[in-house]
Structures are given as C-alpha cells and as structure tokens.
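Architecture at a glance
So the chains spell out like this:
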Amino acid sequence: MNNTLTIFKERIVDNNPILSKTLGICSALAVTNSMENALVMSLGLIFVTSFAEMTVSMLRYHTDKHIRMMVQVLIIAWLVIIVDIVLKLYLPDISKALGPYVGLIITNCIIMGRCESYAQNNRPVSSFIDGIASGVAYSVILLIIAFFRELLGSGSLFGFSILGSKWNNWTAMTMPAGAFFMIGLLIWASNEYKKKKKKGGKLYD
Amino acid sequence: MTKKRPILHPVVFIMLLSAVLAFSLAVIQNVSKDQIEVNYYNDIQKSLLYAIDIDTEGKTKSEINTLFKEHLSEAKLGGINYYNYYENGIIQGYCFPFIGDGLWGSISGYIAVDVEGNNLLGIVFTSHSETPGLGGRIDELWYKEQFRGLDISGIDNFVIYRLDDEPGLDAITGATTTSNSVKNFLNKSILELKDIIKEDLHE
C-alpha cells in the first residue's frame, strides 16, 4: 500500500510527465479549452495507460527485445480502438465531439514512455498501478489547465456559465497560445516549488 | 561478430499477438455493430431535425424517430437524396446535403431552406475533421444558430462575416481558414440550391 502511495506521489508531484518531461503536451494543448473534453480525454488516457502497461508487463518475458516497440504499439492501438468503440456505443455525443482526439491517444508519448521504462521491468500489478498514477498525473495537469482556460476564455465550467454575461472573454485563452501560457506558468510554478524543497533539504546547494 | 537475432520466435509471437488482438476487436465490433448503426441514424435524424429548427434536446431515440417521420420524408433528385420538410402535411421547405473542403478534410452537412428559396431555415454539420477547439467550433450552437432565417433572396454572397458593427455573421476567432471555407462553400451550395428549387421543384 505504501508502495502505491509512493508511486502516485512520485508520478504526480515529483516527476509529473507534463511538467518535468514535457511529454504528452500535444494533447494537453489541444483538448484543454473545455473541462468536459479534458475530462473524457483524461479518463481515456488513464484506461489506456494502465491496461497497456499491464499487458506489456504480462508479455515481457515472451517479447524479444528488438520487437518490443512493435508489440507496445500494437497493444496501445488495440486499447484505443476499444475506447473508441465504447464511446461510440455509450456516449455517441461525446464521441462525436472528441472525434479525432480519441485516435490521438495512440500518439501520446506518456503511454509508450511508461511501457518502455516501467512495464518492461516490473510486475503486472505494479505496472497497472503505475499506469493509473501516470494517467492521473497527466489528468491533474490537464484539468488545471482546462479549468483556467475555460473559465477565463469562455466564462464557463463544464459548459455552465459561471462568470455571467458581464465577463469579457479572454479569447487568447481558448486559442493554442493560451495553453502554452498555462503550461509555461505551471512548469515555472513546479520548478519554483522543487527549488524551495531542495533548499529546505539538507544535502543540496 | 554481432550476436545473431532470433527470427522465428518474434515472428510467430507477433503474428499470434496480432491474431488474438484482431480477433477480440472483431468480436467487440460485431457485438456493437447494430447499436452503433442505430446511434448513427439517430444522429443523422437529430441533425436534420436541428436544421429545420425542431428541438430534440432530451428526447429518446424513438421520440426522435417519430418526430423525424412526422416532419421529414426522403426524396430523390438527379442522384441526390434530399428531404422534404412538412408541417401538418403542408410542405415548408427542403433539406439538401452539402459537402465542401475545410482546412483538414471535407465538411459535410445539411442546409434547410424554405419553399421559395428566400430564407435559410438552418444549417447543420454532420461530419468534419477541423481542429478541435478552433475550426471544430463550427459545431457549436452560437455559430450554427446565426444561420437561422438568413436572408438568401439576393443573387450572391449570402453568407458574409462582419467587421465591427456592420451587419453579418461572426466568424470563429483563430479559425480563419475554416470560417472562410465554410462561407465559400455555403455560398456556392446556396446558389446551386436556389437553381434546383427554381428549375426542378417549382415546375
């Protein structure tokens, strides 16, 4: 249990894939102009990362080293198609709104990065947990960015008007530039936080 | 000398894996095929009803189907499938499909016009591959609603975007190419449509 907590803290705070490695920002830029899109994208990514890592981990002794990437891509693509079908089946409206995003999950480097660096060397259960943790780490950042972009850019959250009609929408926030500003600010904040933490510690500086 | 890589095992392994994954996908696809098709037709019916300004918000699939049958009937003209729009059995207008080039791919949907071809009843986009959040916002209500009742009795340039306070429609900020292509192909389609109405439907 402690181990699980450590994994989660490590992935979300200390080593967030978006903030510390700038991985997966293509989709983080694209889908974050509304909370709803960001949320569905996050859930899709958590599902795909966790199950892809688990499957890769289960097959790790049977996969020859030089074909492991093909195997990973195959598994990831397989899961993404499942997500696509499930969305079409149960949430046709959201599936339509997300259209191209769902396919974009395949190209999210966080998934392959985690399969490659973690699932290859760890047991299925902890790989599964690692997948959920990495997905959550991505989702947290996505939702934070989407929160500010939708609130400032459209004056609403999840499509419900919050700031009223007097609010003058910051159009820049709904455009890609707004996402860059937000990601930049978040990376800056996280670096400042890490610096402070290091100074408070004993060994460094 | 470099170590020789094994060939047989990886080939067999990846073939087996592909077969298993593909088979499972085929099963899932097959099980869900009918429902997805129902969703698909339901979506088309909803789009067409939206084009003629009939609210389908919160209605069930069978209610939508009934509404659809009540108001729209499919007809054929020179190889195009279009829909006649009836209100209490009296024809009110037509829904014609359109297709045009967007920024990334084609954009298709329906235009609804009144019987005389003087006013737009509405437009709806059924498929497009524009950038989500930018060009993709053509799907948003505020954009589509602008076309309701648009006067198309003139001869040209029915759809224009406004600058400042001039009359016209709002384009999508940050999606100039998409906005302009929608304007261009709609103008073209409306022109064609008016010809069809004048020549073929009003004889």
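Note that the coordinates shown come from a computational prediction; the quantities given were computed from them, not determined experimentally.

Time to look at the packing of helix α4 (residues 35-58) of chain A against helix α5 (residues 68-90) of chain A. Residues and elements named next belong to chain A. Closest axis-to-axis distance for the α4/α5 pair is 9 Å, and the angle between their directions is 140°. As judged from the angle between their axes, α4 and α5 are oblique. Crossing geometry of α4 relative to α5 is assigned as right-handed. Across the interface between the two elements, Gly-44, Phe-47, Val-48, Phe-51, Ala-52, Thr-55 and Val-56 of α4 pack against Gln-72, Ile-75, Ile-76, Leu-79, Val-80 and Val-83 of α5. Considered class by class, the residues forming the contact of α4 with α5 number 10 nonpolar, 3 polar and no charged.

Let us now look at α4(A). Note on helix geometry: an α-helix contains 3.6 residues per turn, so any two residues three or four positions apart are oriented the same way. In this model α4(A) runs 34 Å from its N-terminal to its C-terminal C-alpha over 24 residues, within 8% of the 34 Å that 1.5 Å per residue would give. Counting buried positions over the 24 residues of α4(A) gives 18, a clear majority of the element.

Next up on the list: the environment of A:Leu157. All names here are of chain A. Along the polypeptide, Leu-157 turns up in strand β1 (residues 156-157). Taking the C-alpha atoms as reference points, Leu-157 and Thr-55, separated by 102 residues in sequence, lie 36 Å from one another. Beyond its immediate stretch of four places on either side in the chain, Leu-157 contacts Met-35, Glu-150, Leu-151 and Ile-162.

Turning to the interface of chain A and chain B, a few remarks are in order. Chain A puts 23 residues into the contact, and the matching count from chain B is 22 residues. Those elements that provide at least two residues to the side of chain A that touches chain B are α5, α7 (100-104) and α10 (171-174) of chain A. The leading source of residues in the side of chain A that touches chain B is α5(A), at 9 residues. A per-class count over the side of chain A that touches chain B returns 15 nonpolar, 6 polar and 2 charged.

Residues and elements named next belong to chain B. Pairing between strand β3 (residues 90-101) and strand β4 (residues 106-114): 9 bridges, direction antiparallel. Across the sheet, Pro-97 pairs through a bridge with Tyr-110, a residue of β4. Counting the residues in the hairpin turn of β3 and β4 gives 4 residues. Alignment of β4 against strand β5 (residues 120-127), held across 6 bridges, turns out to be antiparallel. The partner of Ile-111 across the bridge, within β5, is Ile-123. In sequence, β4 turns back onto β5 through a hairpin of 5 residues, with Gly-117 there showing a positive phi of about 75°.

What follows concerns the nonpolar core. One finds A:Val48, A:Ala52, A:Leu79, A:Leu142 and A:Ile145 to be the most contacted residues of the largest nonpolar core, which totals 48 residues. Of all the secondary structure elements, the ones that give two or more residues to this core are α2 (17-21), α3 (25-30), α4, α5, α7, α8 (109-117), α9 (124-154) and α11 (176-200) of chain A. Beyond its immediate sequence surroundings of up to four residues, A:Leu79 is in contact with A:Val48, A:Phe51 and A:Ala52. Core analysis: the second largest hydrophobic core is formed by 33 residues, B:Ala112, B:Val113, B:Leu120 and B:Ile123 among them.

Our focus in this paragraph is α5(A). Look at α5(A): 33 Å from first C-alpha to last across 23 residues, which is about the 33 Å you get at 1.5 Å a residue. Regarding α5(A), the residues found buried are A:Val71, A:Gln72, A:Ile75, A:Ile76, A:Trp78, A:Leu79, A:Val80, A:Val83 and A:Leu87.

Conventions adopted
- Residues numbered from 1 in each chain as written.
- Chains lettered and ligands numbered in written order.
- Predicted model: local features only at pLDDT ≥ 70, side-chain atom pairs only at ≥ 80, totals over all residues.
- Axes fitted to C-alpha atoms, helices over the stretch in contact; angles between N-to-C directions.
- Helix = DSSP H or I, 4+ residues; strand = E, 2+ residues; numbered from the N terminus.
- Parallel < 35°, antiparallel > 145°, perpendicular 65-115°, else oblique.
- Left-handed = near helix turned anticlockwise from the far one by under 90°.
- Contact = placed C-beta atoms within 7 Å.
- Nonpolar A, V, L, I, M, F, W, Y, C, P; charged D, E, K, R; others polar.
- Expected span 1.5 Å × (residues − 1).
- Buried ≥ 20, exposed ≤ 12 C-beta atoms within 10 Å, placed from the backbone.
- Pairing = 2+ DSSP bridges.
- Core = buried A, V, L, I, M, F, W, Y, C linked by C-beta atoms within 7 Å.

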